[in-house]
Amino acid sequence: MLPLPEVIRLSLLETARLSDEKLLKRTHGDILASLEGPSDARVGRDTLVLCAEVALKVGATTIATQMLDIYFLESSKFWSDDSDIGQVELKDQYVCRAWFAKALVCSEDAKGLTGQDLVTGVERALKCLLEGLKVALQDSRYVFLLYDASVHYWNISRPLQK
């Protein structure tokens, strides 16, 4: 039998393939349950980002928002024992992808708005996108994320270009 985190990951991949909202809700519940369990059964931060991305694909922005909130909360828990260093800032592809997903959530929130409210909503989404882009530009391993950022930029800024 596969460990719970691996089962959840496979379930998310299947959810993305099928665009199945019921399966997403069940997997979301499993993720929340695993976060409350023992550390060896907990899902990783990468799974939280993957769940948020799948939720956005399915159209479940509430789940995406909750997963991103948990992700950013979990990410802020890394501290060094060295008092000179303090909090350790994570910089990996999942940080970029989390910021991109947060930008898409903000963009979804701005849909249907007009005038200054639309401009403010799009600006907020673009700020999130730029945060992810800053992290991606700091390491040549994450160059592949630049293309993703350009696609997200187009989709987010499009309402202002109409």
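Note: the structure precedes this text.
Thresholds applied
Residues numbered from 1 in each chain as written. Predicted model: local features only at pLDDT ≥ 70, side-chain atom pairs only at ≥ 80, totals over all residues. Heavy atoms only, no water. Helix = DSSP H or I, 4+ residues; strand = E, 2+ residues; numbered from the N terminus. Polar contact = N/O pair within 3.5 Å; in protein donor to acceptor, adjacent residues only side chain to side chain. Phe/Tyr/Trp six-rings, centres within 6.5 Å; stacked < 30°, edge-to-face > 60°. Buried < 20%, exposed > 50% of the residue type's maximum accessible area, 1.4 Å probe, protein only. Core = buried A, V, L, I, M, F, W, Y, C linked by side-chain atoms within 4.5 Å. Contact = heavy atoms within 4.5 Å. Expected span 1.5 Å × (residues − 1). Axes fitted to C-alpha atoms, helices over the stretch in contact; angles between N-to-C directions. Parallel < 35°, antiparallel > 145°, perpendicular 65-115°, else oblique. Left-handed = near helix turned anticlockwise from the far one by under 90°. Nonpolar A, V, L, I, M, F, W, Y, C, P; charged D, E, K, R; others polar. Salt bridge = Lys/Arg side-chain N within 4 Å of Asp/Glu carboxyl O.

### Re the environment of R45
No. 1: Tracing the backbone through its elements, the reader meets R45 in helix α3 (residues 45-58).
No. 2: Put simply, R45 and A98 are 53 residues apart on the chain and 9.8 Å apart in space, counted from C-alpha to C-alpha.
No. 3: Within the local environment of R45, its side chain forms a polar contact with the side chain of D92, the two groups lying 3.4 Å apart.

### Points about the packing of aromatic side chains
No. 1: Evaluated as defined, the whole model comprises two aromatic pairs.
No. 2: With 5.3 Å between their ring centres and 80° between their planes, Y71 and F72 make a pair best called edge-to-face.
No. 3: Residue Y71 is classed as buried on the basis of its relative accessible area, which comes to 1%.
No. 4: Measuring from ring centre to ring centre gives 4.9 Å for F72 and W99, while their planes differ by 50°; the resulting arrangement is tilted. One end of the pair, F72, is in helix α4 (residues 61-75); the other, W99, is in helix α5 (residues 93-110), with 27 residues separating them in the sequence.
No. 5: Accessibility expressed as a relative area gives 23% for F72, which makes it partly exposed.
No. 6: Residue classification places W99 among the partly exposed positions, given a relative accessible area of 22%.

### Thoughts on the nonpolar core
No. 1: Grouped together as the largest cluster of nonpolar side chains are 45 residues, with contacts concentrated most on L12, L24, I31, L48 and M67.
No. 2: Mapped onto this core, the elements with two or more residues apiece are α1 (4-18), α2 (21-35), α3, α4, α5, α6 (115-137) and α7 (144-161).
No. 3: No other element matches the 10 residues that α5 contributes to this core.
No. 4: Sequence-distant contacts of L24, that is, excluding residues within four places in its chain, are made with L12, T15, C51, V54, A55, V58, A60 and I63.

### Some remarks on α3
No. 1: With 14 residues, α3 should cover 20 Å at 1.5 Å per step; its first-to-last C-alpha distance of 20 Å lies within 8% of that length.
No. 2: Of all 14 residues making up α3, 11 are buried, and the element is well covered by its neighbours.
No. 3: Regarding α3, the residues found buried are R45, T47, L48, V49, L50, C51, A52, V54, A55, L56 and V58.
No. 4: On its buried side, α3 packs onto α1, α2, α4 and α5.
No. 5: Following α3 by one or two positions, G59 has its phi on the positive side, about 100°.

### Focus on the packing of α4 against α5
No. 1: Remark: α4 packs on α5, axes separated minimally by 10 Å, with the N-to-C direction vectors making an angle of 140°. When the axes of α4 and α5 are compared, the pair comes out oblique. Judged by the twist between their axes, the crossing of α4 over α5 is left-handed. Note on element contacts: α5 touches α4 through Y94, V95, A98, W99, A101, K102, V105 and E108, opposite T61, A64, T65, L68, Y71 and F72.
No. 2: Per-class residue counts for the contact of α4 with α5 are 10 nonpolar, two polar and two charged.

### Looking at the pattern of salt bridges
Opposite charge on two side chains permits pairing when their charged atoms draw close.
No. 1: Going through the model one piece at a time under the given rule, you end up with 10 salt bridges.
No. 2: Close ionic contact of D109 with R124 constitutes a salt bridge, the shortest N to O distance being 3.8 Å. Of this pair, D109 sits in helix α5 while R124 sits in helix α6, and the two are 15 residues apart along the sequence.
No. 3: In this structure, K134 engages E131 in a salt bridge whose closest nitrogen and oxygen atoms are separated by 3.4 Å. Of this pair, K134 and E131 both sit in helix α6, three residues apart, which is roughly one turn of that helix.

So yeah, pure geometry; function would need other evidence.
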